[in-house]
Amino acid sequence: MKIAVLISGRGSNLQSILNAIRKNTLNCVVSFVISDREDAAGLIRAQKRGIPTYVVDRKIWKERLSDEILRIVSDQVDLIVLAGFLSLLKGEILNKYKNRIINIHPSLIPAFCGKGMYGMKVHESAITYRVGYSGCTVHFVDEGMDTGGIILQKIVKVNPEDTPDTLAKKILKKEHQAIVEAINLFLQEENH
Ligand code: GRF
């Protein structure tokens, strides 16, 4: 199976995918890594493994961003993985890749998701609400924001001494497992 990974920043979830492939706990090929920002550190992680990278700058492509990404992946990948990708995909790519685009979000959807809920805002909200548990969700991508069907979730306990920063770190560890597990689940389904 071939996948494309879309990123906007650090790319630690991408790294987790690459590590799992190297350890043979994930049997797929990352054909492309695409970033919507040219300064995304994750691009270097991909280049170190010899994976073709593309920058589709969101400030340049604006409304045509999704179509340009579709043009790059064309029909060459089976699955598109959004790993810390901050732009919203729209239009034809959602039809062409229906149930074949997945996203990871750092909360237990439907809590702390949707418009404006990204980065540290997610964890700040969880702390403000004094939730007992938070976590991460891998879900299919549809035309909404964080609204597609849930594939899997992982939970972390939120302790009274947790800050947005410590919570983000705990959840990120779970994200790294969740993203690999979700791709493996997709693989198993495809092979049936
Ligand atoms: C993760 O918390 C992801 O869930 C969120 O952005 C962060 C990206 O981290 N959407 P990284 O770029 O994979 O390190």
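Residues numbered from 1 in each chain as written. Predicted model: local features only at pLDDT ≥ 70, side-chain atom pairs only at ≥ 80, totals over all residues. Heavy atoms only, no water.

Q: Got a minute to help me understand the overall build of the chain in this structure?
A: In terms of regular secondary structure, the chain is built from seven helices and seven strands. Shown N-terminal to C-terminal, the secondary structure of the chain runs as helices and strands in the order β-α-β-α-β-α-α-β-α-β-α-β-β-α. Taken over the C-alpha trace, the chain has a radius of gyration of 16 Å; the compact-globule value for 192 residues is 16 Å, and the two agree within 12%. Each principal axis of the C-alpha atoms in the chain carries an extent, and together these give about 45 × 40 × 30 Å. Nonlocal contacts in the chain, meaning residues at least 24 apart in sequence, comprise 63% of its contacts between residues at least 6 apart. For the chain, the accessible surface area stands at approximately 10100 Å², while carbon and sulfur atoms represent 51% of it. (Helix = DSSP H or I, 4+ residues; strand = E, 2+ residues; numbered from the N terminus. Rg over C-alpha atoms; globule rule 2.2 N^0.38 Å. Contact = heavy atoms within 4.5 Å. Areas by Shrake-Rupley, 256 points an atom, 1.4 Å probe, with all protein chains shown as cover.)

Q: Explain the packing of aromatic side chains to me, please; I cannot follow it from the model alone.
A: Applying the stated criterion across every chain, the model contains two aromatic pairs. An angle of 70 degrees between the planes, with centres 5.7 Å apart, marks the rings of phenylalanine 32 and tyrosine 54 as edge-to-face. Residue phenylalanine 32 is located in strand E2 (residues 29-35), and its partner tyrosine 54 is located in strand E3 (residues 53-55); the two are separated by 22 residues in the primary sequence. Residue classification places tyrosine 54 among the partly exposed residues on the basis of a relative accessible area of 33%. Here lysine 157 stacks its cationic end above the ring of tyrosine 133, 5.2 Å away from the centre of that ring. (Phe/Tyr/Trp six-rings, centres within 6.5 Å; stacked < 30°, edge-to-face > 60°. Buried < 20%, exposed > 50% of the residue type's maximum accessible area, 1.4 Å probe, protein only. Lys NZ or Arg CZ within 6 Å of the ring centre and 35° of its normal.)

Q: Any chance you could explain unusual backbone geometry here in plain terms?
A: Where the residue is not glycine, phi is negative for most of them; where a peptide bond is considered, it is trans in most cases. Cis rather than trans, the peptide bond between isoleucine 109 and proline 110 has omega equal to 15 degrees. Inspection of the secondary structure puts proline 110 in the loop between strand E5 (101-105) and helix H6 (120-128). We note that lysine 62 has phi near 40 degrees; this positive angle belongs to a residue other than glycine. On the secondary structure map, lysine 62 appears in the loop between helix H3 (58-61) and helix H4 (65-73).

Q: For this particular structure, what's the right way to read the site of the ligand?
A: Residues in close proximity to the ligand include Arg10, Gly11, Ser12, Asn13, Gly84, Ile104, Pro106 and Glu175, which together make up its full environment. One of the side-chain N or O atoms of serine 12 is found 2.5 Å from an oxygen atom in the ligand. At 2.6 Å from an oxygen atom of the ligand is found a side-chain nitrogen or oxygen belonging to glutamate 175. Taken by itself the ligand offers 370 Å² of open surface, and the protein chains cover 86% of this. Tallied by class, the residues present in the shell around the ligand amount to two nonpolar, four polar and two charged. (Near = heavy atom within 4 Å. Polar contact = N/O pair within 3.5 Å; in protein donor to acceptor, adjacent residues only side chain to side chain. Nonpolar A, V, L, I, M, F, W, Y, C, P; charged D, E, K, R; others polar.)

Q: When you look at the sheet that holds strand E1 (residues 2-7) in this model, what are you seeing that I'm missing?
A: Strand pairing in a sheet takes place through backbone hydrogen bonds and is either antiparallel or parallel in direction. Taken in spatial order, the seven strands line up as E3-E2-E1-E4-E5-E6-E7 in an open sheet, and their pairing is mixed. Lying at the two open borders of the sheet, with one neighbouring strand each, are E3 and strand E7 (150-157). Between one strand axis and the next, the sheet turns by 20 degrees as a mean value, whatever way the strands run. Note that E1 and strand E4 (residues 79-82) share four bridges and pair parallel. Bridging across to E4, valine 5 finds its partner in valine 81. H4 rests against E1, E2, E3 and E4 of the sheet, and its axis sits at about 155 degrees to E2. (Pairing = 2+ DSSP bridges. Axes fitted to C-alpha atoms, helices over the stretch in contact; angles between N-to-C directions.)

Q: Just checking my understanding: could you explain the pattern of salt bridges for this structure?
A: Opposite charge on two side chains permits pairing when their charged atoms draw close. Across all of its chains, the model carries six salt bridges by this definition. For arginine 37, the salt bridge is made with aspartate 36, and the minimal N-O distance between the two is 3.2 Å. Ionic pairing is found between arginine 71 and glutamate 68, a salt bridge with its closest N-O pair at 2.9 Å. With arginine 71 and glutamate 68 both in helix H4 and three residues apart, this pair spans about one turn of that helix. We classify glutamate 68 as buried; its relative accessible area is 11%. (Salt bridge = Lys/Arg side-chain N within 4 Å of Asp/Glu carboxyl O.)

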